[in-house]
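Structure at a glance
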Amino acid sequence: MMWRDLPPLAALRAFAAFCETGGVSEAGVALGVSHAAISQQLRTLEAHLGVALFDRSGRAMRLTDDGEILAQGCIDGFGSIARAVALVTGAEAARPLHISPTPTFAAAWLMPRLPDFRAIHPGINMTLDPRSDLVTPAPGNVDLAIRYGSGGWSGVDSDLLLESPMVIVAAPDLVAGKDTRDAKVLSELPWLEENGITESTQWLKDHGISQGVQGTLTRVPGNLLIDGARDGQGLVVTVRLFVEADIRAGRLIVLEQEHKPGAGYHLVTRPGVQRPPLRAFVKWIKRAARDLT
């Protein structure tokens, strides 16, 4: 990289502040300078680069296509610098480790194993925040999300932790004597569905099953879903990992299994340097996952 070709740092900081706050005055407040100083820095930046970064034809300045490209680079760059400074000074290390798994994964897999992590790392404080919506890790917020899918999500790093397909399962007594290969027969049976938008509800939606259910459809909290299936209260779509023991024991039987290579739970982090508590957790959870195989 030719460092001498870069614009003045003050101009880039002003530009990044404008992009993050959405206005000249707001950027001035964020940096503790006047809005006139911000405007001057933005014009200096455009003059240095020789391109128009803003569309000033309307009442409010808007980024041009070139401005959008530079904005992303500046936000990513200054964000990386801020994270590195926090790591070096120790400010980031004091913040509790913020983990956001899906509710099903948290209840069925993570919570029973957390005492082992606590025993190995008693000095690491943690916030466990199960969420149904897709959470993007961000500085000062979520450190690690654990999500079901095939990976490859834009703007984040993802690492397959546990590969496991989606299955439709039911208690043997519920489907005894019924042709479960017939979609119409399945649609007329009672179903259980997890509250919120989860890995199972998304699968049902993608396959058009929820809309086609003719029998009863009961929505329950994630921690009650498998218990309801075992009791014969309805068919359930879930990740096979969570019902493997029930399948082997004969408490549940598989009616359908999706064959999708790479589908499973992924560790989702933002690109860049990971702070020590996060590195420790990632190392631990990968070991815990390997112990299953």
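What this report covers is the structure whose coordinates are included nearby. (Residues numbered from 1 in each chain as written. Predicted model: local features only at pLDDT ≥ 70, side-chain atom pairs only at ≥ 80, totals over all residues. Heavy atoms only, no water.)

Roughly 300 Å³ of volume is contained in the second largest pocket. Around the second largest pocket sit 15 residues that line it, and Ala107, Ala108, Ile226, Arg230 and Phe242 are the ones nearest its centre. Those elements giving two or more residues to the lining of the second largest pocket turn out to be helix H5 (103–120) and helix H10 (222–230). It is H10 that provides the largest number of residues to the lining of the second largest pocket, a total of six residues. (1 Å grid on protein atoms, 1.4 Å probe; cavity = no way out; pocket = protein on both sides within 12 Å on 5 of 7 lines; lining within 4 Å. Points joined across faces, edges and corners; volume = space filled by probe spheres on them. Helix = DSSP H or I, 4+ residues; strand = E, 2+ residues; numbered from the N terminus.)

In space, the three strands of this open sheet follow the order E10-E7-E11, with antiparallel pairing throughout. The open sheet has two edge strands with one neighbour each: strand E10 (236–239) and strand E11 (253–257). Strand after strand, the sheet turns through a mean of 40° between neighbouring axes, direction not considered. Bridge analysis of strand E7 (residues 166–170) against E10 gives four bridges, and the strand direction is antiparallel. The residue of E10 that forms the bridge with isoleucine 168 is valine 237. (Pairing = 2+ DSSP bridges. Axes fitted to C-alpha atoms, helices over the stretch in contact; angles between N-to-C directions.)

Once that is clear, we can look at the sheet that holds strand E3 (residues 97–101). Read across the open sheet, the five strands follow the order E4-E3-E5-E12-E6; overall the sheet is mixed. Strand pairing shows two members of the sheet lacking a second neighbour, strand E4 (126–128) and strand E6 (157–163), which therefore form its edges. The sheet shows a mean angle of 25° between the axes of neighbouring strands, taken without regard to direction. Two elements, E6 and strand E12 (residues 264–269), share six bridges in a ladder whose sense is antiparallel. Bridge pairing in E12 places aspartate 159 opposite leucine 267. Contacts from H5 reach E3, E4, strand E5 (144–149), E6 and E12, with the element oriented near 155° to E4. With respect to the sheet, helix H12 (residues 276–290) is in contact with E3, E4, E5, E6 and E12, its orientation differing from that of E6 by roughly 30°. (Contact = heavy atoms within 4.5 Å.)

Our next topic: the packing of aromatic side chains. Here the structure, examined in full by the defined rule, presents ten aromatic pairs. Each ring, one from phenylalanine 105 and one from phenylalanine 242, has its centre 6.5 Å from the other, and the planes form 65°; the classification is edge-to-face. You can see phenylalanine 105 sitting in helix H5 and its partner phenylalanine 242 sitting in the loop between E10 and helix H11 (244–249), a full 137 residues away along the chain. On the basis of an interplanar angle of 45° and a centroid distance of 5.7 Å, the ring pair of phenylalanine 242 and tyrosine 265 is categorised as tilted. (Phe/Tyr/Trp six-rings, centres within 6.5 Å; stacked < 30°, edge-to-face > 60°.)

Below, the discussion takes up empty space enclosed by the protein. On inspection of all chains with the given rule, the structure shows two cavities of 30 Å³ or more. Its boundaries defined by the atoms lining it, the largest cavity holds a volume of some 60 Å³. What lines the largest cavity is Asp143, Thr269, Arg270, Gly272, Val273, Gln274, Arg275 and Leu278. Broken down by class, the residue content of the lining of the largest cavity amounts to two nonpolar, three polar and three charged. (Nonpolar A, V, L, I, M, F, W, Y, C, P; charged D, E, K, R; others polar.)

Residue position: phenylalanine 54 is located in strand E1 (residues 54–55). A relative accessible area of 5% means that phenylalanine 54 is categorised as buried. Measuring from C-alpha to C-alpha, the distance between phenylalanine 54 and leucine 42 comes to 9.1 Å, with twelve residues separating the pair along the chain. (Buried < 20%, exposed > 50% of the residue type's maximum accessible area, 1.4 Å probe, protein only.)

The next subject is H5. The end-to-end C-alpha distance of H5, which contains 18 residues, comes to 24 Å, matching closely the 26 Å that a straight helix rising 1.5 Å per residue would cover. Taking the largest bend as the criterion, H5 deviates by roughly 55°, centred on leucine 110, and proline proline 112 comes between one and four positions later. Taken together, the buried positions of H5 are occupied by Thr104, Phe105, Ala106, Trp109, Leu110, Leu114 and Phe117. (Expected span 1.5 Å × (residues − 1). Bend = angle between axes of the 7 residues up to and from the residue.)

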